[in-house]
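Each chain, written out:
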Amino acid sequence: RITKESTRVRGAPASAKAQAPSRVQNLGSRSIKMPDGDVQSLECTPQGEYDLIVTFSQPKRCDLGLILCYKGHTFVWRLSGLSRNTAGFELVDGKRYFENPTNRPAVLRANETGRVEIRVRRDSLEVFFKYHTLGRINIEYSRMSMPPDHLGFGECKGRLGVFANGPTEFESIQVEEK
């Protein structure tokens, strides 16, 4: 169930607080448990700039990802919990997350709660993992694409979604439209 409420961005500069309040869609009123991994659409399509904030835990390390969209372009941020210990955006100029310039070191241990915040803006993406910045990239969204549909991401085209290839609990999912 999606609940909508108006709020201000906490901790934002005074100039940002004077702007129109954000529209918050808090999808965290229910948790999404994936005992064996899965792909799940969040049935949510932000209309413009937004922040996606997700907390999750895994009893053992596995890959997980967040499916995002902006102005008709759907793309994936991925955290490798297996052998690579990296994170990044899938298929930038046709290159996988561990091969393109968005690749950053990121480690999540088993039974540790993770937190990812992705700020989607008109011409940039900024990613925070466990409250630390992984970086900001300026990007034309037309350079980003979805991985092949055999991975099951097709049901999320044009909408936000989550996936994992092993046991994962997405404890809180929040979307703040700007």
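Values in this document were obtained by computation on a predicted structure and should not be read as measured data.

(A) Quick peek at the pattern of salt bridges. Counted under the stated rule, the structure contains 12 salt bridges. When the shortest N-O distance is used, the salt bridge between aspartate 51 and arginine 121 registers 2.8 Å. Within this pair, whereas aspartate 51 is found in strand 5 (residues 50–57), its partner arginine 121 is found in the loop between strand 10 (113–120) and strand 11 (124–129), the two being separated by 70 residues in sequence. Classification of aspartate 51 as buried rests on a relative accessible area of 4%. Of the charged contacts in the structure, one is a salt bridge between glutamate 176 and lysine 178, with a shortest N-O distance of 3.2 Å. Residue glutamate 176 is classed as buried on the basis of its relative accessible area of 12%. The network of salt bridges with common partners includes Asp51, Arg121, Glu176 and Lys178.

(B) Fine view of the side chain of serine 124. Along the chain, the position of serine 124 falls in strand 11. Of note is the side chain of serine 124, whose polar atom sits 3.1 Å from the side chain of arginine 136. For serine 124, the residues in contact, after removing those within four places along its chain, are Arg119, Arg136, Ile137, Asn138, Ile139 and Tyr141.

(C) Seen up close, the environment of valine 92. Examined against the element boundaries, valine 92 turns out to sit in the loop between strand 8 (86–89) and strand 9 (104–105). On a C-alpha basis, the gap between valine 92 and arginine 143 in space is 5.7 Å, while along the polypeptide they are 51 residues apart. Excluding its chain neighbours within four sequence positions, the residues that come into contact with valine 92 are Asn100, Thr102, Ile139, Arg143 and Met144.

Definitions and cut-offs
- Residues numbered from 1 in each chain as written.
- Predicted model: local features only at pLDDT ≥ 70, side-chain atom pairs only at ≥ 80, totals over all residues.
- Heavy atoms only, no water.
- Salt bridge = Lys/Arg side-chain N within 4 Å of Asp/Glu carboxyl O.
- Helix = DSSP H or I, 4+ residues; strand = E, 2+ residues; numbered from the N terminus.
- Buried < 20%, exposed > 50% of the residue type's maximum accessible area, 1.4 Å probe, protein only.
- Polar contact = N/O pair within 3.5 Å; in protein donor to acceptor, adjacent residues only side chain to side chain.
- Contact = heavy atoms within 4.5 Å.

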